[in-house]
Amino acid sequence: GNLQFSFTNLHIRVEDPYWGISFHFTIQELSGITVDESGKPTFVTSGYKEHLRKLFKLRKMTVYCDSQSQELVPDEPWEDLSGDAWDDFFLPHIEATSDNLSCWFLLRPVDANLTYERTYRTKASDTSHIDHRLNLSLDEISLSSSQMQYLSIQRMLQTFELLSTRAAHFRYRPY
């Protein structure tokens, strides 16, 4: 019942140098914690089987697409980058503070809170019953796509379709 987790500054980037397109998925924070009735963090020592409350937070989740991207290469090898250099390289994307990012967003930064409550009840007929309640609160959701992004995504999906069509007969290809 007391499982807690926290992920911060997550950045996943997928590049396709052939098409010159890159997709980014970023999360500034994703966390989950056990809370009491008033929503304050707590450590449950008893009664967690009968009643459990969790609070999950999502901060600045974004999805963006750069349809004219160049391969992301630092000045020095990746394995030699210091922690500060990694932060300088990726935090502007994660915090959505880079000036040139606004035109790339497919999903603009989203903040959300989710509360989960599980209650185990024993009814008069001596059968068990579990109630699950979810409360999701989103600040704002904004989806958008430029024409260039749309065309790049469409072109890439057509390539995937072509490859999947050929996959069934790929083993017959002469070497």
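Just so it is clear, the structure is predicted and the values come from calculations on it, not from any experiment.

Novice: Hey, could you run me through the nonpolar core in this one?
Specialist: It is characteristic of soluble globular proteins that their nonpolar side chains tend to be buried jointly. Among the nonpolar cores identified, the biggest contains six residues, and these are Ile27, Leu58, Met61, Leu107, Val110 and Ala112. Secondary structure elements with two or more residues in this core: strand S3 (51-66) and strand S4 (105-122). Sorting elements by how many residues they give to this core places S4 first, with three residues.

Novice: Would you mind showing me how to read the packing of aromatic side chains here?
Specialist: The geometry of an aromatic ring pair is captured by two quantities: the separation of the ring centres and the angle between the planes. The tally for this structure, following the rule as stated, stands at seven aromatic pairs. Each ring, one from Phe5 and one from Phe56, has its centre 6.1 Å from the other, and the planes form 35°; the classification is tilted. Here Phe56 lies in strand S3 and Phe5 lies in strand S1 (residues 5-16), a separation of 51 residues in the sequence. Among the residues examined, Phe56 registers a relative accessible area of 25% and is labelled partly exposed. Each residue in the set Phe5, Phe7 and Phe56 is aromatic and connected to the rest through ring pairs, giving one cluster.

Novice: Before we go on, may I ask you to explain the pattern of salt bridges in this structure?
Specialist: For side chains of opposite charge, pairing can occur when their charged atoms come near one another. The final tally for this structure, using the stated rule, is three salt bridges. Between Arg13 and Glu15 there is a salt bridge, with the nearest N and O atoms lying 2.6 Å from each other. Since its relative accessible area comes to 22%, Arg13 is described here as partly exposed. Here Glu117 and Arg53 are joined by a salt bridge, their closest N and O atoms 3.7 Å apart. Here Arg53 lies in strand S3 and Glu117 lies in strand S4, a separation of 64 residues in the sequence. Exposure remark for Glu117: the relative accessible area of 23% places this residue in the partly exposed category. Judged by its relative accessible area of 18%, Arg53 is buried.

Novice: Even after reading the chapter, I still don't get helix H1 (residues 83-94), so can you show me in this structure?
Specialist: In an α-helix there are 3.6 residues to a turn, and that puts residues three or four apart on one side. What H1 keeps buried is the set Phe90, Leu91, His93 and Ile94. Taken around the axis of H1, the buried residues stretch over an arc of 145°, which confines them to a single face. With respect to the buried face of H1, the exposed residues turned more than 90 degrees away are Asp84 and Asp88. Buried residues in H1 make contact with S1, strand S2 (21-34) and S3.

Novice: Got a minute to help me understand unusual backbone geometry in this structure?
Specialist: For residues besides glycine, phi is generally negative; the peptide bonds are generally trans as well. For Asn9, which is not a glycine, the phi torsion comes out positive at approximately 55°. Relative to the assigned elements, Asn9 resides in strand S1. Residue classification places Asn9 among the partly exposed residues on the basis of a relative accessible area of 37%. Located in the positive-phi region is Lys60, a residue other than glycine, with phi close to 50°. Position of Lys60 among the secondary structure elements: in strand S3.

Novice: Before we go on, may I ask you to explain the pairing of S1 in this structure?
Specialist: Along any regular strand, the residues point their side chains to alternate faces of the sheet. With eleven bridges connecting them, S1 and S2 associate as antiparallel partners. Note on S2: the bridge partner recorded for Val14 is Phe23. Here S1 hands over to S2 after four residues, with Gly20 in that stretch at a positive phi of 70°.

Novice: I'm lost on helix H2 (residues 147-167) in this one. Help?
Specialist: Compared with an ideal rise of 1.5 Å per residue, which puts 21 residues at 30 Å, H2 spans 30 Å between its outermost C-alpha atoms and is within 8% of the ideal. By the burial criterion, the buried members of H2 are Gln149, Ser152 and Met156. The arc enclosing the buried residues of H2, seen along the axis, measures out at 70°, which places them on a common side. Among the exposed residues of H2, those pointing more than 90 degrees away from its buried face are Gln147, Tyr150, Leu157, Glu161 and Thr165.

Rules and cut-offs
Residues numbered from 1 in each chain as written. Predicted model: local features only at pLDDT ≥ 70, side-chain atom pairs only at ≥ 80, totals over all residues. Heavy atoms only, no water. Core = buried A, V, L, I, M, F, W, Y, C linked by side-chain atoms within 4.5 Å. Buried < 20%, exposed > 50% of the residue type's maximum accessible area, 1.4 Å probe, protein only. Helix = DSSP H or I, 4+ residues; strand = E, 2+ residues; numbered from the N terminus. Phe/Tyr/Trp six-rings, centres within 6.5 Å; stacked < 30°, edge-to-face > 60°. Salt bridge = Lys/Arg side-chain N within 4 Å of Asp/Glu carboxyl O. Arc of directions from axis to C-beta. Contact = heavy atoms within 4.5 Å. Pairing = 2+ DSSP bridges. Expected span 1.5 Å × (residues − 1).

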